[in-house]
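Coordinate inspection notes
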Amino acid sequence: MMEEVTEVAAEATESPVESRSPPAHQSDTSGAAVQASVDGETVSLLTEGLVRKLGPETDSVKDKLDELIRNQEVMVEAMEHENTRFSESEATKSLGELLSEAKRYHNKLVLIRKEMVALHEKSTKLKKRALKLQQQKQKEDLHREQQKERELERERQLMARPAAKPDQR
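If you're wondering where the values come from, they're calculated on a predicted model, not measured in any experiment.

Next up on the list: the overall build of the protein chain. What the protein chain contains, in helices and strands, is four helices and zero strands. For the protein chain, the α and β elements follow one another from N to C terminus as α-α-α-α. Considering the protein chain as a whole, with its 169 residues, one finds that 8% of them fall into the buried category. Of the roughly 15,500 Å² of accessible surface on the protein chain, 57% is carried by carbon and sulfur atoms.

See below:
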């Protein structure tokens with residue numbers, strides 16, 4: 001960089017304007033010595049030469065920096081978009097897990113309901129069977145009772161009765 005400045009200084013000293021600048025070989029050794037012995041016009045010529053020499057480079061660097069900033073902005077937007085998609089994906093995953101869990105519990109409820117229906121049917125059948133058994137037992141008890149009564153009646157009929165005493169006439 002210092003070499004470019006000295007080249008610009010050399011170009012400026014070759015201009016038709018008279019200056020009190022030191023020879024080019026002295027400018028290589030000390031930048032402070034060059035600055036101390038230069039008048040205002042030489043400074044402006046040096047500045048102008050430096051701008052001409054470094055201007056295209058700085059413009060190129062500025063353009064590259066602008067492009068880099070634009071690319072960074074695009075990347076930031078893309079990252080924000082991806083973060084949003086990721087968050088939505090996580091939410092969707094959570095929702096999917098909730099739906100899966102709800103389906104599992106629904107299946108459990110369906111099974112419990114089927115079991116309850118089956119148990120209700122069994123209990124209904126058992127109640128009917130119990131009623132039939134009770135009715136059958138009542139019939140058997142009634143039949144035994146009637147049988148006992150018949151047997152008692154028959155025994156009464158078969159029992160020896162004292163014969164009526166014939167009238168003694």
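Bringing a nonpolar patch on the surface into the picture now. A cluster of nonpolar residues, Val61, Leu65 and Leu68, forms a patch on the protein surface that exposes about 260 Å² of accessible area. Within the secondary structure, Leu65 sits in helix α4 (residues 40–158).

Here we take up the packing of aromatic side chains. Applying the stated criterion to the full structure yields zero aromatic pairs. The ring of Tyr105 carries the charged tip of Arg104 above its face, separated from the ring centre by 5.4 Å.

What follows is about a positive patch on the surface. Together, Lys122, Lys125, Lys128 and Lys132 line one region of the surface with positive charge. Structurally, Lys132 is set in helix α4. For Lys132, a relative accessible area of 60% translates into the label exposed.

Time to look at α4. Spanning 119 residues, α4 covers 167 Å between terminal C-alpha atoms, matching the ideal 177 Å at 1.5 Å per step. Its axis deflected by about 45 degrees at Leu54, α4 carries its strongest bend there, up to four residues before the proline Pro56. Among all positions of α4, only Thr42, Leu46, Gly49, Leu54 and Gly55 are buried.

Attention now moves to the pattern of salt bridges. Under the definition given, this model contains five salt bridges. A salt bridge links Arg52 to Glu48, with the nearest nitrogen and oxygen atoms 3.9 Å apart. Placement of the pair is Arg52 and Glu48 together in helix α4, with a separation of four residues, close to one helical turn. The exposed category is assigned to Arg52, whose relative accessible area is 57%. Under the relative-accessibility criterion, Glu48 is labelled partly exposed at 46%.

On average, residues of the protein chain score 82 in pLDDT, and 74% of them are at 70 or above. Looking across the protein chain, the model is least confident in helix α2 (residues 24–27), with a mean pLDDT of 48, and most confident in α4, with 92. Counting contacts from residues 15–27, a segment whose pLDDT is below 50, to residues more than four positions away or on other chains yields 13 contacts.

Reading guide: rules and limits
All residue numbers refer to positions counted from 1 along the written sequence of the respective chain. Local features in this predicted model are restricted to residues of pLDDT 70 or higher, and side-chain atom pairs are both shown and tallied only at a pLDDT of 80 or more, whereas totals for entire chains, interfaces and linings draw on every residue. Water and hydrogen atoms play no part in the side-chain values, which are based on all heavy atoms of the structure. Secondary structure elements follow DSSP: runs of H or I of four or more residues count as helices, runs of E of two or more count as strands, with numbering from the N terminus. Whether a residue is buried, partly exposed or exposed follows from its accessible area with a 1.4 Å probe, protein chains only, as a fraction of its type maximum: under 20%, in between, or over 50%, in that order. Accessible surface area values rest on a Shrake-Rupley calculation with a 1.4 Å probe, where residue burial reflects the displayed protein chains alone. Here the term patch refers to residues with relative accessible area over 30% and no salt bridge, with like charges joined within 9 Å and nonpolar side chains (Val, Leu, Ile, Met, Phe, Trp, Tyr) within 5 Å. Take a side-chain nitrogen of Lys or Arg and a carboxyl oxygen of Asp or Glu: if they are within 4 Å of each other, that pair is a salt bridge. Centre distance within 6.5 Å is the pairing criterion for rings of Phe, Tyr and Trp, where only the six-membered ring of Trp is used; planes under 30 degrees apart are then read as stacked, over 60 as edge-to-face, and the remainder as tilted. By the criterion adopted, a ring carries a charge over it if an Arg CZ or a Lys NZ lies within 6 Å of its centre and within 35 degrees of its normal. In this charge count, Lys and Arg are treated as positive and Asp and Glu as negative; neither His nor the chain ends contribute. For charged residues, the charge sits on one atom: NZ in Lys, CZ in Arg, CG in Asp, CD in Glu. Each residue after the first adds 1.5 Å to the expected span of a helix. One axis is fitted to the seven residues ending at the residue and one to the seven starting there. The bend at that residue is the angle between these axes. Confidence of the prediction at every residue is given by pLDDT, a number between 0 and 100. Contacts are assigned to residue pairs that have any heavy atoms within 4.5 Å of one another.

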